[in-house]
Each structure stands twice: as C-alpha cells, then as structure tokens.
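# Structure at a glance
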Amino acid sequence: MEDRIKKVLEEQVDPVLGEHFGGAILSKVEDGVAYIKMTGACAGCPSAQDTLENVIKDFVLGGVPELKDVVLDQSVSEDLLDFAKKILNGEVE
C-alpha cells in the first residue's frame, strides 16, 4: 500500500505542488491513515492544510481507496531538532 501511495504522490501530486516549488512525501501509514508531509515551499505555507484537503486527499484516496483518511503530518524531524539544539548551544560554527 505504501508503494502505491508514494506512486500517487510522485505522479499526480508532486507535479501540481511543483508549480508552487513544493512537494509531498509519505511519512507513515497507520491504522489505514496516510500521514503526508509537505516539502519545499509548501512545508511552511499557511494553506498547507487546505492543499491537503482540496488536492492531495482526492488524489491519494482515488488511487488507494482502501485508506480511511489522509492527514497532514506537521511533525519536525529529530535530526532537525538535534541540529537546532547544537546551534543554540554554540556547538556549530
């Protein structure tokens, strides 16, 4: 199922989001729910939730109908948090 979701994101969603210098990746599938993370300019866009609801969800559920839902993953990676902590502690020049 994950491969099919990724294929929909690459072939159908990314071309649309690419027009706005962004993209979307699958972060996980849990209990029939696909968690999608926005990338590029779309990652910090105030309209990210609307884009998910009005564009991404339709493509993904259309391509993988057995999914229950598609939601926006707004989590921050542990690597990025660790790097930010190093900067704040003066460990990075």
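Provided above is the structure to which this section pertains.
Described in the following lines is the structure provided in the data block.

Cut-off values and rules
Residues numbered from 1 in each chain as written. Predicted model: local features only at pLDDT ≥ 70, side-chain atom pairs only at ≥ 80, totals over all residues. Heavy atoms only, no water. Phe/Tyr/Trp six-rings, centres within 6.5 Å; stacked < 30°, edge-to-face > 60°. Lys NZ or Arg CZ within 6 Å of the ring centre and 35° of its normal. Core = buried A, V, L, I, M, F, W, Y, C linked by side-chain atoms within 4.5 Å. Buried < 20%, exposed > 50% of the residue type's maximum accessible area, 1.4 Å probe, protein only. Helix = DSSP H or I, 4+ residues; strand = E, 2+ residues; numbered from the N terminus. Contact = heavy atoms within 4.5 Å. Patch = residues over 30% accessible without salt bridge, like charges linked within 9 Å, V, L, I, M, F, W, Y side chains within 5 Å. Areas by Shrake-Rupley, 256 points an atom, 1.4 Å probe, with all protein chains shown as cover. Salt bridge = Lys/Arg side-chain N within 4 Å of Asp/Glu carboxyl O. Pairing = 2+ DSSP bridges. Axes fitted to C-alpha atoms, helices over the stretch in contact; angles between N-to-C directions. Parallel < 35°, antiparallel > 145°, perpendicular 65-115°, else oblique. Left-handed = near helix turned anticlockwise from the far one by under 90°.

### Focus: the packing of aromatic side chains
Considering all chains together, one arrives at zero aromatic pairs under this definition. The ring of Tyr35 has Lys28 lying over it, and the distance from NZ or CZ to the ring centre is 4.8 Å.

### Considerations on the nonpolar core
Judged by nonpolar contacts, the single largest core of 19 residues is most densely connected at Ile5, Leu9, Ile36, Ile56, Val60 and Val70. Residue assignment for this core shows that the elements contributing at least two residues are helix H1 (2-18), strand S1 (22-30), strand S2 (33-40), helix H2 (48-63) and strand S3 (69-72). At five residues, H1 tops the list of elements feeding residues into this core. In this structure Ile36 touches Ile5, Leu9, Ala24, Ile25, Leu26, Ser27, Leu52, Ile56, Val70, Val71, Leu72 and Asp73, once residues within four positions along its chain are discounted.

### Topic: a nonpolar patch on the surface
Together, Val76, Leu80 and Leu81 make up an exposed nonpolar region whose accessible area comes to about 250 Å². Relative to the elements of secondary structure, Val76 occurs in the loop between S3 and helix H3 (78-88).

### A short note on the sheet that holds S1
Strand order in the open sheet made by the three strands is S1-S2-S3, with mixed pairing throughout. For this open sheet the edge positions go to S1 and S3, each flanked by a neighbour on one side alone. Averaged over all neighbouring strand pairs, the angle between strand axes comes to 30°, with direction disregarded. Here S2 pairs with S3 via four bridges, running parallel.

### Points about the packing of H1 against H2
For any two helices packed against each other, the geometry is given by the interaxial angle and the distance between the axes. Contact geometry for H1 and H2: axes closest at 9 Å, N-to-C directions at 140°. The angle between the axes of H1 and H2 places the two elements in the oblique class. In this structure, the crossing between H1 and H2 has a hand that is right-handed. Between H1 and H2, the residues in contact are Arg4, Ile5, Val8, Leu9, Gln12, Val13, Val16 and Leu17 and Thr51, Val55, Ile56, Phe59, Val60 and Gly63, respectively.

### Some points on the pattern of salt bridges
Two side chains bearing opposite charge may form a pair once their charged atoms approach each other closely. The tally for this structure, following the rule as stated, stands at four salt bridges. We note a salt bridge from Arg4 to Glu66, for which the minimum N-O separation is 2.8 Å. You can see Arg4 sitting in helix H1 and its partner Glu66 sitting in the loop between H2 and S3, a full 62 residues away along the chain. Here Lys57 ties to Glu53 by a salt bridge, and the two come within 3.3 Å at their closest N and O atoms. Residue Lys57 and its partner Glu53 are both found in helix H2; the two are separated by four residues, about one turn of the helix. Each of Glu53, Lys57 and Asp69 takes part in one network of salt bridges that share partners.

Note that every value here comes from positions in space, so none of it alone points to a role or purpose.
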